[in-house]
Amino acid sequence: MILAFDPTKLGTILASHGHNALIGIAYGAHGDDWVELTLPYAERLVGDPTTGILASGPIFTLMDMASSMAVWTSTKRFRPLATIDMRVDYLRPAIPGKTVVGRGQCYCMTKTIAFVRGEAHDGDPAKPLAHVAGTFMFTDVE
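Just so we're clear, the structure is a prediction, and the values are computed from it rather than from any experiment.

Student: In this structure, what is going on with the sheet that holds strand E8 (residues 100-109)? I would like to understand it.
Tutor: Strands in a sheet are paired, the pairing made by backbone hydrogen bonds, and the direction either parallel or antiparallel. The six strands lie next to each other as E2-E3-E8-E9-E10-E7, forming an open sheet whose pairing is antiparallel. The open sheet has two free edges, formed respectively by strand E2 (26-30) and strand E7 (81-90), since each of these has just one partner strand. Adjacent strand axes in the sheet meet at a mean angle of 25°, parallel and antiparallel pairs treated alike. Across the sheet, helix H1 (residues 7-14) is in contact with E2 and strand E3 (34-39); its angle to E2 comes to roughly 165°. Contacts between helix H3 (residues 56-75) and the sheet are confined to E2, E3, E7, E8, strand E9 (113-121) and strand E10 (130-138), with E8 contributing the most and set at about 40° to the helix.

Shown next, in the form of structure tokens:
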């Protein structure tokens, strides 16, 4: 069964269910092969209370979800997939109090593997706080 994919509808689900809702991830925007999600600053997500800097785990989750949604947006349908590899290069810490914006892009796809890249920033895309590169494997049989 083929399920059409609408990133705005999944964004609504993200905001109210599961792990993404728990940490506050929300839909931002999308294009033909990319999706942008937001992660508002929350003290419960801080890794070191003496600095107020967000932990890396929520940023990883943000980028994994933005990248996987970019795959579905690119194919225009939902297909089950698994993260095979996700490399996150943290360039600097997020500024305390700022919302983190994560953008994932699907730039290449084979029959079974999707290749993604992306970046996260806290207000200025020219000053990213992380770059990501990863691969997803489709888990359905076509």
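Student: Can you walk me through the nonpolar core in this structure?
Tutor: Buried together is how nonpolar side chains tend to be arranged in soluble globular proteins. Counting residues in hydrophobic clusters, the biggest one holds 34 residues, and the most contacted among them are Leu37, Leu39, Met69, Val71 and Val100. Contributing elements (two or more residues each) for this core: H1, E3, H3, E7, E8, E9 and E10. In terms of residue count, the dominant contributor to this core is H3 (nine residues).

Student: Sorry if this is basic, but what is going on with H3 here?
Tutor: Helical periodicity: at 3.6 residues per turn, an α-helix aligns residues three or four positions apart in one direction. Over its 20 residues, H3 runs 29 Å from end to end, which matches the ideal 28 Å to within 8%, given 1.5 Å per residue. Of all 20 residues making up H3, 14 are buried, and the element is well covered by its neighbours. The first or second residue beyond H3 is Lys76, which carries a positive phi of 65°.

Student: Whenever I open this one, H1 confuses me. Can you help?
Tutor: The set of residues buried in H1 consists of Pro7, Leu10, Gly11 and Leu14. The arc enclosing the buried residues of H1, seen along the axis, measures out at 110°, which places them on a common side. Structural note: H1 exposes Lys9 and Thr12 on the side pointing more than 90 degrees away from its buried face. Summarising the contacts, the buried residues of H1 are in contact with helix H2 (18-23), E2, E3 and H3.

Student: What exactly am I supposed to notice about the side chain of Asn20 here?
Tutor: For Asn20, the position within the fold is in helix H2. Take Asn20: its relative accessible area is 10%, and that puts it in the buried class. Asn20 has contacts with Leu14, Ile25, Thr61 and Met65, leaving out every residue within four places of it along the chain.

Student: Please explain the packing of aromatic side chains as it appears in this structure.
Tutor: Aromatic rings considered in pairs are described by the distance between their centres and by the relative angle of their planes. Overall, the coordinates contain three aromatic pairs when judged by the stated rule. For the ring pair Phe5 and Trp72, a centre distance of 5.5 Å and an interplane angle of 55° mean the geometry is tilted. Of this pair, Phe5 sits in the loop between strand E1 (3-4) and H1 while Trp72 is found in helix H3, placing the two residues 67 residues apart along the sequence. Assessed through its relative accessible area of 15%, Phe5 is described here as buried. Summarising the aromatic geometry, the rings of Tyr107 and Phe115 are spaced 6.5 Å apart at their centres and angled 50° between planes, so their arrangement reads as tilted. Here Tyr107 falls in the partly exposed class, since its relative accessible area comes to 42%. Geometry around Phe138 places Arg79 over its ring, the cationic atom sitting 3.8 Å from the centre. Sitting over the face of the ring of Tyr107, Arg117 holds its NZ or CZ atom 4.2 Å from the ring centroid.

About the criteria used
Residues numbered from 1 in each chain as written. Predicted model: local features only at pLDDT ≥ 70, side-chain atom pairs only at ≥ 80, totals over all residues. Heavy atoms only, no water. Pairing = 2+ DSSP bridges. Helix = DSSP H or I, 4+ residues; strand = E, 2+ residues; numbered from the N terminus. Axes fitted to C-alpha atoms, helices over the stretch in contact; angles between N-to-C directions. Contact = heavy atoms within 4.5 Å. Core = buried A, V, L, I, M, F, W, Y, C linked by side-chain atoms within 4.5 Å. Buried < 20%, exposed > 50% of the residue type's maximum accessible area, 1.4 Å probe, protein only. Expected span 1.5 Å × (residues − 1). Arc of directions from axis to C-beta. Phe/Tyr/Trp six-rings, centres within 6.5 Å; stacked < 30°, edge-to-face > 60°. Lys NZ or Arg CZ within 6 Å of the ring centre and 35° of its normal.

Purely geometric numbers; function is a separate question.
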